[in-house]
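Okay, here's what each chain looks like letter by letter:
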Amino acid sequence: MNLKPLSLGVAGAALLSACATSTPVNEPAPVSVATPPPVVETVEEEAKTGLSNIQVVEASGGYSAWLVSEPAIPIVSINMAWSGGETSDPEGLTGATGLMTYMMNEGAGELDSNAYATRMEELNMSFGCTSGDDWTSCSMSTLSENFEEAMDMVRMGLTETRFDAAPFERSIEETLIALQRAETNPGTLARRALYETIYPEGHPYARYATPDTVQAVTIDDLRTQRDNIMVQDTLLITAVGDISEERLLAAMESTFSGLPMSGTTAVVEDVVLRDAPTEPVVRDLPQPQSLVAFTAPGVDRDDPDFFAAYVANYILGGGGFSARLMDEIREKRGLTYGIYTSLSSQDHLSRWSGSSQTMNERAGELIGRTQAELYRLATEGPTEAELEDAKSYLTGAYPLGFDSNAKIAGQMMGVRQDDLGIDYFERRNELVNAVTIEEVRSVAAEYLMPENFTFVVVGQPEELDMIGEYFQDSLAPSAEEEAAE
Amino acid sequence: MRLIRSLALAGALSCAAPMALLAPQAVASSETEAWAPETFTLENGMEVIVLPDHRAPVVTHMVWYRVGAADELPGKSGIAHLFEHLMFKATDDIPAGEFSKIVARNGGQDNAFTSWDYTAYYQRVAVDRLETMMEMEAERMTDLILSEDQVLPERDVVVEERRQRIENNPGAILFEMMMDELFEGHPYEIPIIGYMDEVTQLTLQDANDFYGYWYGPQNAILVVAGDITAAELRPLAEDIYGSIEPTADLEERVWPEVQPLAESMTLTHSDPKVRQEEWDQYWQSTSYSVNTETLEPHALDLAAQILGGGRTSRLYQELVEEQGVAVSAYAFSWTDLRATGLFGMGASPAMGVDLETVSEAAHAVLADFIENGPTEEELARAQSSMIASSIFQRDNQASMAQLYGSAAARGDDLDRIATWPQEIESVTPEMVREALARYIADQPSIQTQLLVPEES
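Residues numbered from 1 in each chain as written. Chains lettered and ligands numbered in written order. Predicted model: local features only at pLDDT ≥ 70, side-chain atom pairs only at ≥ 80, totals over all residues. Heavy atoms only, no water.

Caption draft 1: Representation of the overall build of chain B within the structure. When helices and strands are counted, chain B shows 18 helices and 11 strands. Over its C-alpha atoms chain B spans a radius of gyration of 23 Å, differing by no more than 12% from the 23 Å that the globule rule assigns to 456 residues. The dimensions of chain B, computed from C-alpha atoms along their principal axes, are 65 × 60 × 50 Å. Counting only residues that meet the buried cut, chain B has 65% of its 456 residues in that class. Look at the contacts in chain B between residues 6 or more apart in sequence, and 82% of them connect residues 24 or more apart. Roughly 15900 Å² of accessible area belongs to chain B as shown, and the carbon and sulfur atoms make up 48% of that amount. For chain B, the distance from the average site of its 28 positive side-chain charges to the average site of its 76 negative ones is 7 Å. (Helix = DSSP H or I, 4+ residues; strand = E, 2+ residues; numbered from the N terminus. Rg over C-alpha atoms; globule rule 2.2 N^0.38 Å. Buried < 20%, exposed > 50% of the residue type's maximum accessible area, 1.4 Å probe, protein only. Contact = heavy atoms within 4.5 Å. Areas by Shrake-Rupley, 256 points an atom, 1.4 Å probe, with all protein chains shown as cover. Lys, Arg positive; Asp, Glu negative; His and termini not counted. Charge placed at Lys NZ, Arg CZ, Asp CG, Glu CD.)

Caption draft 2: Quick look at a negative patch on the surface. All names here are of chain A. On the surface, a cluster of negative charge is made up of Glu361, Glu462, Glu463, Asp465 and Glu469. Of note, Glu469 is situated in helix α17 (residues 467-475). Exposure remark for Glu469: the relative accessible area of 52% places this residue in the exposed category. (Patch = residues over 30% accessible without salt bridge, like charges linked within 9 Å, V, L, I, M, F, W, Y side chains within 5 Å. Salt bridge = Lys/Arg side-chain N within 4 Å of Asp/Glu carboxyl O.)

Caption draft 3: Region of the structure containing the packing of aromatic side chains. Enumeration according to the criterion identifies 38 aromatic pairs over all chains in this entry. Taking 5.7 Å as the distance between ring centres and 90 degrees as the angle between the ring planes, the aromatic pair formed by A:Phe402 and A:Phe425 counts as edge-to-face. Taken as a pair, A:Phe402 in the loop between α13 (384-396) and α14 (405-417) and A:Phe425 in helix α15 (residues 424-433) lie far apart in primary sequence, 23 residues in all. There is no split in this pair, since A:Phe402 and A:Phe425 are both buried. Residues B:Phe88 and B:Tyr121 carry aromatic rings whose centres are separated by 6.4 Å and whose planes lie at 40 degrees to one another, so their mutual orientation is tilted. Taken together, the residues span a long stretch of sequence, with B:Phe88 in the loop between α4 (79-86) and α5 (99-105) and B:Tyr121 in strand β5 (residues 119-126) at a distance of 33 residues. Exposure remark for B:Tyr121: the relative accessible area of 0% places this residue in the buried category. An aromatic cluster is present here, built from A:Phe321, B:Tyr65, B:Phe83, B:Phe88, B:Phe99, B:Tyr121, B:Phe210, B:Tyr211 and B:Tyr215 joined pairwise through their rings. Sitting above the plane of the B:Phe88 ring, B:Arg140 keeps its charged end 4.7 Å from the centroid. Its end group placed over the ring of B:Phe40, B:Arg234 keeps NZ or CZ at 4.1 Å from the ring centre. (Phe/Tyr/Trp six-rings, centres within 6.5 Å; stacked < 30°, edge-to-face > 60°. Lys NZ or Arg CZ within 6 Å of the ring centre and 35° of its normal.)

Caption draft 4: Looking closely at the pairing of strand β4 (residues 55-58) of chain A. Residues and elements named next belong to chain A. Direction of pairing for β4 relative to strand β5 (residues 64-69): antiparallel, over a ladder of four bridges. Counterpart to Val56 in the pairing with β5 is Trp66. Where β4 folds back on β5, the antiparallel hairpin that results is connected by five residues, among which Gly62 adopts a positive phi of roughly 100 degrees. (Pairing = 2+ DSSP bridges.)

Caption draft 5: The arrangement of the sheet that holds strand β9 (residues 326-334) of chain B in detail. All names here are of chain B. Strand order in the open sheet formed by five strands is β7-β11-β8-β10-β9, and the pairing between neighbours is mixed. Whereas interior strands pair on both sides, the edge strands pair on one side only; in this sheet they are β7 (265-270) and β9. Averaged over all pairs of adjacent strands, the angle between strand axes in this sheet comes to 15 degrees, irrespective of strand direction. Pairing geometry for strand β8 (residues 278-284) and strand β10 (residues 342-349), over six bridges, is antiparallel. From the neighbouring strand, Trp279 faces β10, where its bridge partner is Ala347. Lying over the sheet, helix α13 (residues 314-322) contacts β9 and β10, oriented at roughly 160 degrees with respect to β9. (Axes fitted to C-alpha atoms, helices over the stretch in contact; angles between N-to-C directions.)

Caption draft 6: Here's a closer look at the packing of α4(B) against helix α10 (residues 204-214) of chain B. Residue and element names in this part refer to chain B. In contact at an axis separation of 10 Å, α4 and α10 are set at 90 degrees when each is read in the N-to-C sense. Taken together, α4 and α10 sit at an angle that is classed as roughly perpendicular. For the pair α4 and α10, the contacting residues are Ile79, Ala80, Phe83 and Leu86 in the first and Asp206, Ala207, Phe210 and Tyr211 in the second. (Parallel < 35°, antiparallel > 145°, perpendicular 65-115°, else oblique.)

Caption draft 7: Highlighting the sheet that holds strand β9 (residues 235-241) of chain A. Strand order in this open sheet of six strands is β4-β5-β9-β6-β8-β7 (chain A), and the pairing throughout is mixed. The outermost strands of the open sheet, each flanked by one partner alone, are β4 and β7 (126-131) of chain A. Averaged over all neighbouring strand pairs, the angle between strand axes comes to 15 degrees, with direction disregarded. Where β7(A) meets strand β8 (residues 135-143) of chain A, six bridges bridge the pair, whose relative direction is antiparallel. Following the sheet pairing, A:Phe127 is matched in β8(A) by A:Met140. Along the sheet, helix α15 (residues 376-393) of chain B makes contact with β6 (75-83) and β8 of chain A, crossing β8(A) at roughly 110 degrees.

Caption draft 8: Region of the structure containing the pattern of salt bridges. Overall, the coordinates contain 50 salt bridges over all chains when judged by the stated rule. Look at the salt bridges and you will find they share partners, linking A:Glu106, A:Arg170, B:Arg311 and B:Glu321 into a network.

Caption draft 9: Spotlight on α13(A). Between its terminal C-alpha atoms α13(A) stretches 18 Å, which fits the 18 Å expected from 13 residues at 1.5 Å a residue. Buried residues of α13(A): A:Leu387, A:Ala390, A:Lys391, A:Ser392, A:Tyr393, A:Leu394, A:Thr395 and A:Gly396, and no others. Where the residues of α13(A) are buried, they touch α10 (306-318), α15 and α16 (437-447) of chain A together with α5 and β4 (109-114) of chain B. (Expected span 1.5 Å × (residues − 1).)

Caption draft 10: Seen up close, helix α6 (residues 186-198) of chain A. Residue and element names in this part refer to chain A. With 13 residues, α6 extends 18 Å between its outermost C-alpha atoms, agreeing within 8% with the 18 Å of an ideal straight helix rising 1.5 Å per residue. Among the 13 residues of α6, 12 are classified as buried, and the element is accordingly described as predominantly covered. What α6 keeps buried is the set Pro186, Gly187, Thr188, Leu189, Ala190, Arg191, Arg192, Ala193, Leu194, Tyr195, Thr197 and Ile198. For α6, the N-terminal capping position is held by Asn185, with its side-chain oxygen 2.8 Å away from the main-chain nitrogen of Gly187. (Polar contact = N/O pair within 3.5 Å; in protein donor to acceptor, adjacent residues only side chain to side chain.)

Caption draft 11: Region of the structure containing the nonpolar core. Grouped together as the largest cluster of nonpolar side chains are 94 residues, with contacts concentrated most on A:Ile78, A:Phe127, A:Met140, A:Leu158, A:Leu248, A:Phe256 and B:Leu319. Ranked by the residues each element gives to this core, the list is headed by helix α14 (residues 355-372) of chain B, at eight residues. Setting aside residues no more than four positions away along its own chain, B:Leu319 makes contact with B:Gly324, B:Val325, B:Ala326, B:Ala329, B:Ala347, B:Val358, B:Ala361, B:Ala362 and B:Val365. A:Leu374, A:Leu420, A:Val440 and B:Ala56 belong to the second-largest nonpolar core, a separate cluster that totals 64 residues. (Core = buried A, V, L, I, M, F, W, Y, C linked by side-chain atoms within 4.5 Å.)

Caption draft 12: Quick look at unusual backbone geometry. All names here are of chain A. At Asn124, a position not held by glycine, the phi torsion is positive, near 50 degrees. The topology assignment puts Asn124 in the loop between α3 (113-122) and β7. Among the residues examined, Asn124 registers a relative accessible area of 11% and is labelled buried. The phi dihedral of Asp419 falls on the positive side, at around 55 degrees, and the residue is not glycine. The topology assignment puts Asp419 in the loop between α14 and α15.

Caption draft 13: Looking closely at the environment of A:Gly258. Looking at the element boundaries, A:Gly258 is found in the loop between α9 (245-256) and β10 (281-284). Measuring from C-alpha to C-alpha, the distance between A:Gly258 and A:Tyr102 comes to 20 Å, with 156 residues separating the pair along the chain.

Given below as structure tokens:
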């Protein structure tokens, strides 16, 4: 513990993972397959997720919580989310919502910042808030014996926020320094390059804070953001742990009834991405390895094709060592430590994205060979075996996302935010298993042609003029294939 | 979220949660009755640890080996980690590239990690697939078959991993320089991933030698956490792992003594990518494995919590809140190493403040802390926080498996994990003061400065 400062050094140095398999998104239940040693039969029954026991707890204010009571460990985890996030930053004040969330545990009621933090420690609680483009979220965890007192701290944080000058100034300074650091952060540079290249100009998703916008924010702006976003009628709550429905309901009433009933947040247009440029977008950064990031329009969460795309993504680059890209780029050629793709859905934009890192000298090769795999899946589709493997994993591993209170609280919140319905956990594996090979072919053909993707390279890449040749080389039949014909 | 998810992933490739490993923690005393690990040993010497958690029909299956980067021969830095990668290649029954695919077809997730003290392999999977995972893990304990055309591309992968983790990251380069000095003459001075010029020279023969020497059931620990009991696991473990013949007797793992740091020094590293300067200071300390007779490791962990463990800590309150010379300030205690651990503190300056100002302010805070020790109230709060964190840790079966597996791999007494909360509770202000006096006050240390290059 207490290793915050070492997060770069020690954590990076002290423990190395073989695989870089930070497994795809948090989705995965058990199913079939022949393994070398033993042969395991296909398990037809649906995997249990342990979520058939969700209680819906409705408060008088109209908002509700999804609760899973789990007495095994004397702790409670609560997640809260409100629709409305950084897209509601006022014009010229980008960063205001983020700064507002910073203040939620920085002093409330009679307690200044230090007193509030001290009280949280005494209650063994953690509480904090964050914002994204579309959502503002808070989470709290505590020992169940301290639950009521901890929820009262949440009440104070949300409704009696002090907005003291000292923590406000500190938050501004921290943000300014974070912006400085971002100037040489490859991920940030790649993201901004995408905003500049393919996002509609001025769209809130493509905005980011600058020293000017941050310094223009006032404490009144923070109050305004809080009062418009953290309101009763958009509040979603999930709770897991050693807590009864009655205790939770009582705490909800006393914690949230002081929030405004409703507020005003920005109306955001759907994003239509511009056409991808034909050449990679390069951002110079003096380092020996290049970050290659690529993005194309993706499939919406409520699109009937979503699960076909989800399966296609597993086959392409979401499946760790089972994915084509990992096989071609890492296993066969040693070009990278990891290459991954993922689908992401925001309220107004869905994307299909990927990224990898390789030595500057081989950046062109990595891009060319990646494009070849996109092309191959788009034009040929998957094999039956790949489809079955994808379903086995995606359904089989699903319960792994439900083996802790914190994970269950997070999974339920994701389902609530995407409005998938309380029976989603029961239906989800059927939706994966229903995907046909034709559906995967069709979705791959529609979305994965390489020209749909904008490639961004951050570093000092070389051989970008060789991309086409590597593309062709990867698609050329191998010697064995030619011999076979 | 504005972050592109995949970019976020690319930045956090270490699959295990290293933070969770860094201090032995355990269940609070009130919990030990209801919840307890069970351990037994197979005839071939393989230890078994079972950590029941029946909330979900899922298990975390791990095999730990008592070998890590600190056991490498001179000139072979990085072999423990490269070999860990190679364990995902072919065996006589599993074709090349199939291991992780088979795990995935079974709905499982797998990975492995290497530290100085140990190497571990794991799968997270539905409990009805546990037996398959055990058979595969047992298979590669003895039947791995390596070839040049597997070793060479994987060595390239590791070189890219090194670029990604170290060469691309000025803070990691400086940390490597610091460890090289703090542990001079001891294997902790060598980076786990290896030196670039040595990793690139590792061979198939090196990998086979390493495997033949270190890998066998007598040097391994099985940990299964999740929806299983010892009674259910025992017959499987005896059948699958217990039937493996022990390999040749290993000599005891002996590392050179850690030499006390001869004198204090300051190391600097500047890089055009640095936008925010940082200052850190490191001391050799002790560890739970080395120091089993006293509560000094506990006292140092509590000292770090009080000195720099968050917003209420002394360093944060003084440097960030009172003086406004820093935007962050912290302390850390790394006591879960098989050999000597380390203690440290650090800060990142506010705009326009130089590193000297920040370090002087931190030194004043430390001097007062060393002289007067913690107050009763501070200590009680730190004790409560650390004990509570051991309860929160039980929410995650994988992190419990790591806690027990790493302790067993270091050779620690596992019963001490359960008694850790009581031990923390019994630390007095005087014990904290004495530990600081012994390990920190007037002891040589290394300061590091991560710098923005001077304008030319």
